[in-house]
Structures are given as C-alpha cells and as structure tokens.
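# A closer look at the structure
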Amino acid sequence: MIFDLHCDTILKIYQDNTQLKTNDYHISEDKMKKAGSLAQFFAMFVDMQKVADPYVTCNEMIDVFDREVAKSQVIKKGTAASDIAEDHITGIITIEEGGVLKGEMKNLLHFYERGVRSIVLTWNYENEIGYPNYEFTYKDKGLKPFGIEVVKKMNELGMLVDVSHLSDGGFYDCIKYSTKPIIASHSNARAVCGHSRNLTDDMILALKENGGVMGINFCSQFLDGSYLSKVSSIVEHIKYIKNLAGIDIIALGTDYDGIRCDLEISDISKMAMLKQALENEHFTQEEIEKIFYKNALRVYRDVVLA
Ligand SMILES: [Zn+2]
C-alpha cells in the first residue's frame, strides 16, 4: 500500500480540463489502483503571481477535485482519520500556498469546511504566514504573527501543518508553536543534496522529536541535482535519514505532476521499483511498509480528528 503526501495532479486537470480516472500524468485513478494506493494527498497548488485571486483559484481547484472524486467508484474524499480504509483509495485535499488565506482566519475555517486537511504554509513567495526558503533569501526569518495563529488554529481543527518550502526559521517556529506532529510533505535531506528545499540534520532530528514525518521527494533537483530522478538516489536519502533519525520519520511525498525531470519511477504505478530497491538494500518488510504508508498514516491519525 502507498500513502503519498504530495502531488500536483489536480493543477494539471484544472489547467488542461482533463480527468483523474485516466490521463497521461504521473497519477491517475487507474495508476493508483495498479500501485495499491491507500491514500493520496492532492495539493491545490496556487501560484500567487499568476492568478488574479488565489482564494478564488483555490476554490475552483477544490471544485475540480470534488467533481473528479464524485465520478469515481474507487476514490473517496477523506476528511476524518477514520475515512482511510483498505477497501478504497482515500483522496485528501491539501493546499500548497498559505497565501490563499489572504491573511484572514475565516478563510482557514472556510477551507477546513471544504475538506482541506493540510496546508503547505508557503510556496516560493513571502505571504501573510511567513517566508519561503527559496534560494535561502529568508533562511532565518520566522513565522509572522498571523502564521503563529494559523499553526495554533490548525492544531485545534485537526489539520497537518506542512513545512516544505518554508524558511528554516519558519520551520523552527512550527516546531516551537505546534502542539501536534507536523510534516515536511515533500522534502529530502540537505546533507545528501544541498538544496534549500531539503532539511538539515538538525531539522530532521527536531522533526523526529516532534513525532512528524518527511515525505521523500522524487524531483532530481532535490535528490542529487541531476536531470534524472534515480531510484538509487531516492534510496540514498532514505538510508541517510534512517541512519540519522530512524525509520519512523520517513514517508513518501513524490511531488508527482509537479516535477519536470525524467524519472526512473515514471509514474505511481511503478512504485514496486522502489520496494525492490529497498529489499536489495536489506530493508525489512516492516520498514518498507512504514516508509510506504504506515508512518504517514500514524501522523495523519495523530492530528486529523476521527
Ligand atoms: Zn512543492
């Protein structure tokens, strides 16, 4: 089974007016079925510099998600921890860009009511919540006052705070202010690949202490800086993180349909390639299951209300 913490497939469907059931993307209903998916986070990714009103665009994307899931026999929308079950695939709405809240708490409640259960607090722009880690420009900048309020409200509502893309200072503020485990849905180890989107050893250890997880991102830029996403590079990050902080922190956050590099694991239906590679490196079945879905499920159940 697979619990993937990040993909941008809904953006593609929204832009191309295509469908989730069958498509040419990394993720479709058919491919998820083949993969044995248990749950999938579908990010509503909004590029604030390209849209007139990020709040409106985000709502339109949720409309698309709801439309596609309503047509499906296999995928059900998950809003409660107990919605995840083995007899179907659970699709969970997340937001990638806290700027869609436009600095207003009532908009957080609105998106919660629409089923959003996790928010990547920033993308690559500064917003009302905090600062991105884009090119380390704002590395040590922390959360803004509204950001701290958002973290507290997300804790209260049962939403996962997602620190991928956030400045290092913002990450530490989330660790400080969140009373629940947090996630870095699609970030790797900075010691293995020195990109600002990845987490330092100290951050990984703080995340371990917090009880959260980090989803391994398949983008080659964040794996080894090359142009091909290689299984061996994914395994290298997993081995490094396991050695540093243990197996319980590692999950998957493929970033499928949000990355443009060539991929050895060319879509989600081919995920058995990663399982095989981990077996070759003597990972136990229990360890592989933790990476593939159990760790993500643990954190989801810790935070999202039953
Ligand atoms: Zn992203």
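Above this text sits the structure in question.
Residues numbered from 1 in each chain as written. Predicted model: local features only at pLDDT ≥ 70, side-chain atom pairs only at ≥ 80, totals over all residues. Heavy atoms only, no water.

Helices and strands together make up the secondary structure of the protein chain, namely eleven helices and eleven strands. Seen along its three principal axes, the alpha-carbon backbone of the protein chain occupies a region of about 50 × 45 × 35 Å. Relative to its full complement of 306 residues, the protein chain shows a buried share of 61%. Looking at the protein chain alone, contacts between residues at least 24 apart form 70% of all its contacts between residues at least 6 apart. Surface summary for the protein chain: the accessible area is close to 11900 Å², and the carbon and sulfur share equals 49%. (Helix = DSSP H or I, 4+ residues; strand = E, 2+ residues; numbered from the N terminus. Buried < 20%, exposed > 50% of the residue type's maximum accessible area, 1.4 Å probe, protein only. Contact = heavy atoms within 4.5 Å. Areas by Shrake-Rupley, 256 points an atom, 1.4 Å probe, with all protein chains shown as cover.)

To continue, consider the coordination of the zinc ion. Distances from the zinc ion to its protein donors, Glu96 (OE), His165 (NE2) and His186 (NE2), fall within 2.0 to 2.2 Å. Within one chain, the residues serving as donors to the zinc ion are arranged as E-x68-H-x20-H. Here histidine 165 lies in the loop between strand E6 (160-162) and helix H6 (168-177) and glutamate 96 lies in strand E4 (residues 89-96), a separation of 69 residues in the sequence. This pair shows no difference in class: glutamate 96 is buried, exactly as histidine 165 is. (Donors = N, O, S within 2.8 Å, 3.2 Å for Na, K, Ca; no water.)

A word on the pattern of salt bridges. One pass over the structure, following the stated rule, counts 22 salt bridges. Here lysine 242 and glutamate 287 are joined by a salt bridge, their closest N and O atoms 3.1 Å apart. Of this pair, lysine 242 sits in helix H9 (residues 231-245) while glutamate 287 sits in helix H11 (residues 285-303); the two residues are 45 residues apart in sequence, bridging distant segments of the chain. Sharing partners across several salt bridges, the network here consists of Asp63, Asp66, Lys77 and Arg114. (Salt bridge = Lys/Arg side-chain N within 4 Å of Asp/Glu carboxyl O.)

Another aspect to go through is the environment of glutamate 29. Residue position: glutamate 29 is located in helix H2 (residues 29-35). A relative accessible area of 5% places glutamate 29 in the buried class. The contacts of glutamate 29, once residues within four sequence positions are left out, are Leu20, Lys21, Ser72, Val74 and Ile75.

On strand E8 (residues 213-216), burial covers both faces: Val213 and Gly215 on one face and Met214 and Ile216 on the other are all buried. Looking at chain direction, strand E7 (residues 183-184) and E8 are connected through two bridges and run parallel. Across the sheet, residue isoleucine 183 finds its bridge partner in E8, namely valine 213. Two strands pair when backbone bridges link them, and E8 and strand E10 (residues 250-252) are joined in this way by three bridges, in the parallel orientation. Opposite isoleucine 216, over in E10, you have leucine 252 as the bridge partner. (Pairing = 2+ DSSP bridges.)

Within soluble globular proteins, side chains that are nonpolar generally end up buried alongside one another. Core analysis: the biggest nonpolar cluster contains 105 residues, and Phe3, Met44, Leu121, Phe218, Leu274 and Phe292 have the highest contact counts within it. The leading source of residues in this core is H11, at nine residues. Setting aside its immediate chain neighbours within four residues, phenylalanine 292 contacts Met1, Ile2, Phe3, Leu252, Met271, Leu274, Lys275 and Leu278. (Core = buried A, V, L, I, M, F, W, Y, C linked by side-chain atoms within 4.5 Å.)

A positive phi angle is found at lysine 102, which is not glycine, with a value near 50 degrees. You can see lysine 102 is positioned in the loop between E4 and helix H4 (105-113). Located in the positive-phi region is phenylalanine 136, a residue other than glycine, with phi close to 60 degrees. By the element assignment, phenylalanine 136 lies in the loop between strand E5 (116-120) and helix H5 (145-157).

Moving on, we come to the packing of aromatic side chains. A complete count under the given rule lists ten aromatic pairs for this structure. Measuring from ring centre to ring centre gives 5.1 Å for phenylalanine 171 and tyrosine 172, while their planes differ by 90 degrees; the resulting arrangement is edge-to-face. For phenylalanine 171, a relative accessible area of 0% corresponds to the buried category. Judged by relative accessible area, which is 32%, tyrosine 172 ranks as partly exposed. Connected via pairs of aromatic rings, a cluster forms that spans Phe3, Phe41 and Tyr300. Taking NZ or CZ as reference, arginine 117 lies 3.8 Å from the ring centre of tyrosine 112, over its face. (Phe/Tyr/Trp six-rings, centres within 6.5 Å; stacked < 30°, edge-to-face > 60°. Lys NZ or Arg CZ within 6 Å of the ring centre and 35° of its normal.)

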